[in-house]
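Overview (structure and organization)
Residues per chain are reported as follows:
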Amino acid sequence: MKLMKQTFLYILALLVFTSCSSEETEADRTDQTGEKSMIQNQVTDFSESEFDNPKSLEILKELDICVLQDSLGIVAECSPKNFKIIPFKNNVPMEDAFILEVKAGILLKGSPEPLPPIRHIIVFERENGELVQVNGFRGDLIAKDVGKDVNDIILALYVKADETLFHCRYAWNGDKFEFKSVDGLDYGDGVKTLSPATKDSVTNEIYGSIMQSNLIF
C-alpha cells in the first residue's frame, strides 16, 4: 500500500493544485475539443419525504426491488429515503432512460443480504419495452454535464488500495456510459484537478486501479 501511495504522491506533483468549489452548483466551461459543457452538481442525502417526480414510484414498482411497506423494517421500502431516480437523456421520458441512485446498506427485495455500505449507481434504459441495466457503479453521483443531449456523468469512486477518491467522467457511447477521464482526485486534503499535459497518462493508470477494485458491476 505504501508503494501505491508513493505512486499517487508522485502523480500529485504533476497536478494543477486547484481545489474544486463545494459551493458552486453550476459552471460553464469549454473542454479541449471545443465542446461546451455545463457542470451541474448532484447532491443526494435521502432525507426527502416525497419523490421529485411522481413517476419515480411507478418505476420502482416496475423494477420490483422494494416494497411499499415493511412492518418489520427489513426490506427496503419504495421511498425517497432509499432511492432517487435521475433522468440523463434530454427529450427522452424519464421512465425510459434514468439513473437509479440506491442508498448504502439497504436490503433490496429478493436479495439474500444487504448491499455493501456504499451507494450504488445503476443506469437503466428501456429496450423492446423492458427496462435493462446498462451500467452499475459503487460510488456517488456527484455531477452531470447538462450541456449535452445525453449528459456525461461524474462519479466519485473510492479506491481503497490507493486511499484515494477519484472523480471520474463517464460519457454515453450509444449503448452505455463509458469511462472517459479523471476530472479530479482527493487523497484527503481536497479535490485536485489534473494538468492537461498529464491527464491522459494518469487517467489510463487510474482506470486500471478502478477496474481492479470491484467498483463496476
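Residues numbered from 1 in each chain as written. Predicted model: local features only at pLDDT ≥ 70, side-chain atom pairs only at ≥ 80, totals over all residues. Heavy atoms only, no water.

Glancing now at the confidence of the model for the protein chain. In this model, the protein chain carries a mean pLDDT of 86, and residues with pLDDT of at least 70 account for 83%. Below pLDDT 50 for its whole length, residues 16–27 participates in 21 contacts with residues either more than four positions away or in separate chains. (pLDDT = per-residue confidence, 0-100. Contact = heavy atoms within 4.5 Å.)

Right, let's talk about the state of the cysteines for a bit. For the coordinates displayed, the defined rule picks out 1 disulfide. A sulfur-sulfur separation of 2.0 Å characterises the disulfide bridge that pairs cysteine 66 with cysteine 78. Of note, the bridge from cysteine 66 to cysteine 78 carries an S-S torsion of about 105° and is right-handed in sense. Linking cysteine 66 in the loop between α2 (55–63) and β3 (83–87) with cysteine 78 in the loop between α2 and β3, this pair joins segments that are 12 residues apart in sequence. Both residues of the pair, cysteine 66 and cysteine 78, count as buried. (Disulfide = S-S within 2.5 Å. Helix = DSSP H or I, 4+ residues; strand = E, 2+ residues; numbered from the N terminus. Buried < 20%, exposed > 50% of the residue type's maximum accessible area, 1.4 Å probe, protein only.)

A word on helix α3 (residues 196–211). Between its terminal C-alpha atoms α3 stretches 23 Å, which fits the 22 Å expected from 16 residues at 1.5 Å a residue. At valine 202, α3 shows its largest bend, some 30°. Every buried residue of α3 is accounted for by Thr198, Val202, Thr203, Ile206, Ser209 and Ile210. (Expected span 1.5 Å × (residues − 1). Bend = angle between axes of the 7 residues up to and from the residue.)

Of note, asparagine 128 is a non-glycine position whose phi angle comes to about 55°, a positive value. Mapped onto the secondary structure, asparagine 128 falls in the loop between β5 (120–127) and β6 (130–138). Non-glycine residue glutamate 163 carries a positive phi angle of around 50°. The topology assignment puts glutamate 163 in the loop between β8 (152–159) and β9 (164–172). Judged by its relative accessible area of 31%, glutamate 163 is partly exposed.

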